[in-house]
Amino acid sequence: MRFLNKNSITEMKKRILFILAGITILLIVILIVFPFRFYVKKTVHISAPVQIVSDQLSNPNNWSHWFPDLKSKQDEILAYADSGLTTNTHSQQNDSLRFTFIKITPTEIFAKEQKADKTIYHALFAIPDSFGMATNVTWAKSYSPIGWLKEIISPSREMLTGLNNLKRFSENPKYAYGFQISIKRITDTLVITKMTRTRKENSVNTLREMFDELEGYTKKYHLRVNNLRMAAFKNKGNDTVEILAGIPVIKRAPETADIVYLKMPGNGRMLVGEYEGPYQGIHKLYEAMERYKIDKTLQQVATNYEKYFTDPVTHEDSLHMKIELNYPIL
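Note that this is a predicted model, so its numbers are computed, not measured.

In this section: the overall build of the chain. The secondary structure content of the chain amounts to eight helices and 14 strands. In the chain, 63% of the contacts between residues at least 6 apart in sequence involve partners at least 24 apart. Carbon and sulfur atoms form 57% of the exposed surface of the chain, whose accessible area is close to 19700 Å².

Our next topic: the sheet that holds strand 12 (residues 269-277). Hydrogen bonding along the main chain pairs the strands of a sheet, whether they run parallel or antiparallel. Taking strand neighbours across the sheet as the criterion, the eight strands line up as 7-12-14-13-9-10-8-11 in an open arrangement whose pairing is antiparallel. Edge positions in the sheet fall to strand 7 (181-185) and strand 11 (260-263), since each has one partner strand and no second. With strand direction ignored, the average angle separating the axes of adjacent strands in the sheet is 35°. Judged from the nine bridges that link them, strand 8 (residues 190-199) and strand 10 (residues 240-248) form a sheet pairing that is antiparallel. Opposite Arg199, over in strand 10, you have Thr240 as the bridge partner. Along the sheet face, helix 6 (residues 203-221) touches strand 8, strand 9 (229-235), strand 10, strand 11 and strand 13 (305-308) and points at about 30° away from the line of strand 10.

Turning our eyes to something else, we now look at the environment of Ser182. Along the polypeptide, Ser182 turns up in strand 7. Setting aside residues up to four positions removed in sequence, Ser182 forms contacts with Met270, Leu271 and Val272.

Once that is clear, we can look at helix 6. Every α-helix carries 3.6 residues per turn, so stepping three or four residues along brings you back to the same face. Taking 1.5 Å per residue as the helical rise, helix 6 with its 19 residues ought to reach 27 Å, and the 27 Å between its terminal C-alpha atoms agrees with that figure. Restricting attention to buried positions, one finds in helix 6 the residues Ser203, Thr206, Leu207, Met210, Phe211, Leu214, Tyr217 and Thr218. Buried residues in helix 6, looked at end-on, bunch into an arc of 135°, giving them a common side. Opposite the buried face of helix 6, at more than 90 degrees from it, the exposed residues are Val204, Asn205, Glu209, Lys219 and Lys220.

It is worth spelling out unusual backbone geometry at this point. The phi angle at His222 is positive, at roughly 55°, despite the residue not being glycine. Structurally, His222 is set in the loop between helix 6 and strand 9. Judged by its relative accessible area of 62%, His222 falls in the exposed class. In this structure, Thr297 is a non-glycine residue whose phi angle is positive, near 50°.

With that settled, consider the side chain of Thr135. On the secondary structure map, Thr135 appears in strand 6 (residues 135-143). There is a polar contact of 2.8 Å between the side chain of Thr135 and the backbone oxygen of Ala48. Looking at Thr135, its side chain comes within polar contact range of the main-chain nitrogen of Val50, at 3.1 Å.

Turning our eyes to something else, we now look at the packing of aromatic side chains. One pass over the full model with this rule turns up twelve aromatic pairs. Ring geometry for Trp63 and Trp66: centres 5.0 Å apart, planes at 50°, overall tilted. Per residue, the accessibility class of Trp63 equals that of Trp66, and both read buried. Ring centres of Phe179 and Tyr275 lie 6.1 Å apart, and the angle between their planes is 40°; this geometry places the pair in the tilted category.

Moving on to the pattern of salt bridges. Across all of its chains, the model carries 14 salt bridges by this definition. For Asp188, the salt bridge is made with Lys307, and the minimal N-O distance between the two is 2.5 Å. With Asp188 in the loop between strand 7 and strand 8 and Lys307 in strand 13, the pair connects residues that are 119 residues apart, well separated along the chain. The class of Lys307 is buried, set by a relative accessible area of 5%. For Glu201, the salt bridge is made with Arg199, and the minimal N-O distance between the two is 2.7 Å.

A word on the nonpolar core. By size, the foremost hydrophobic cluster in this structure holds 60 residues, and its most contacted members are Leu57, Trp63 and Val137. Setting aside its immediate chain neighbours within four residues, Trp63 contacts Gln56, Leu57, Leu70, Phe99, Phe101, Ile109, Ala111 and Leu124. Met230, Ala232, Met264 and Val272 belong to the second largest nonpolar core, which has eight residues in total.

Here the focus is the packing of helix 2 (residues 50-58) against helix 4 (residues 158-170). Put simply, helix 2 and helix 4 touch, their axes get as near as 10 Å, and they point 130° apart. In terms of orientation, helix 2 lies oblique with respect to helix 4. Crossing of helix 2 against helix 4: the hand is right-handed. Where helix 2 approaches helix 4, its residues Ile52, Val53, Gln56 and Leu57 are matched on the opposing element by Leu166, Phe169 and Ser170. Here the contact of helix 2 with helix 4 is built from residues that sort into five nonpolar, two polar and no charged.

What counts, and where the lines are drawn
- Numbering of residues begins from 1 in every chain and follows the order in which that chain's sequence is written.
- Only residues with pLDDT of at least 70 get local features here, since the model is predicted, and only at 80 or more are side-chain atom pairs given and counted; chain-wide, interface and lining totals rely on the full set of residues.
- Working from all heavy atoms in the structure, the side-chain values ignore hydrogens and water.
- Secondary structure counts use DSSP, requiring at least four H or I residues in a row for a helix and at least two E residues in a row for a strand, with both numbered from the N terminus.
- Here, residues are in contact when the closest pair of their heavy atoms is within 4.5 Å.
- Under the convention used here, a 1.4 Å probe and the Shrake-Rupley method define accessible areas, while residue burial counts only the protein chains that appear.
- At least two DSSP bridges between two strands are required for those strands to pair.
- To get an axis, a line is fitted to the C-alpha atoms, and for a helix only the part in contact is used. The angle between two axes follows their N-to-C directions and goes from 0 to 180 degrees.
- Expected helix span is computed as 1.5 Å times (number of residues minus one).
- Buried, partly exposed and exposed residues are distinguished by accessible area as a fraction of the type maximum, computed with a 1.4 Å probe on protein chains only: under 20%, between the cut-offs, and over 50%, respectively.
- This arc describes the spread of directions from the helix axis toward the C-beta atoms.
- Any pair of nitrogen or oxygen atoms within 3.5 Å is treated as a polar contact; in protein, a donor-acceptor pairing is required on top of that, and neighbouring residues in sequence qualify only through side-chain atoms on both sides.
- Only the six-membered ring of Trp is used, alongside the rings of Phe and Tyr, when aromatic pairs are assigned; centres must lie within 6.5 Å, and planes under 30 degrees apart are stacked while those over 60 apart are edge-to-face, with the rest tilted.
- Counted as salt bridges are all cases of a side-chain nitrogen of Lys or Arg within 4 Å of a carboxyl oxygen of Asp or Glu.
- Put simply, a nonpolar core is a bunch of buried Ala, Val, Leu, Ile, Met, Phe, Trp, Tyr and Cys residues held in one set by side-chain atoms that sit within 4.5 Å of each other.
- Note on angle classes: values under 35 degrees are labelled roughly parallel, values over 145 roughly antiparallel, values of 65 to 115 roughly perpendicular, and the remainder oblique.
- For any pair of crossing helices, the crossing counts as left-handed if the nearer helix is rotated counterclockwise from the farther one by less than a right angle, and right-handed if it is rotated clockwise.
- Under this grouping Gly is polar, as are all residues other than the nonpolar Ala, Val, Leu, Ile, Met, Phe, Trp, Tyr, Cys and Pro and the charged Asp, Glu, Lys and Arg.

So yeah, pure geometry; function would need other evidence.
If you want it as structure tokens, here you go:
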């Protein structure tokens, strides 16, 4: 058998190193001459309808809500170009940053990011689940071969950060519906109530008289622990409304002909919307709550009612009311 001597082994090693070096140089030349690009994908599940998520993705002026490079910028810094598809801004370090939106549909967005001497392509896809109540968003970001290797070896958190920002923002009812809406446990389990019908133009004065009667009843029997008041309204024709007025109490007392007790389960759930402002604007919260109820497939089990945290005396007071709208749900 013929054995390799040290010189032969050394020569073989040199040849292998020479071949590897040649392959490396050839790969570098190919990567420089041919602009190959590689992609990295990340996905997030968002508990919000695709219409809400799409508004964040397909409106460039909303990218400052979630995109990491733009999140700290003022919305007004972002502006459409004449084509309506280009957005410009500047980072805090005064590095030029330019976004060109190549394609925008409700569920597919393609954008080119140009920052300093780098060009990066972004593709985002919003796919609703089978029930339409949630959305899966996939973000694909292009890299040069060298940038792709760096991302594989040492992943950045930009995409995950951006997707998590998008998730938090889209799932926030304040953004999606214009009001803070949440599900809470019932806190006012015992309420004294009075019901009557009146003409719509007399509803404010009638409600005030009803509260006066209820407050007199609570003082007589020492029933109150706070100054909260409740009211529910139901239309009974074009000019008539049925009003239910209530006050939470801590114990029972003898009922009267028109003052009765309402008992609500302590383990029950309440869909609660928060409102501050002139009373005339409360209808916007009603509309938002109805949309929320439908979007979340919640089943209402009793009449909704308003809970007042302010007691307006003058017209000026009525412009600064604090109200909760409550929907009993399963």
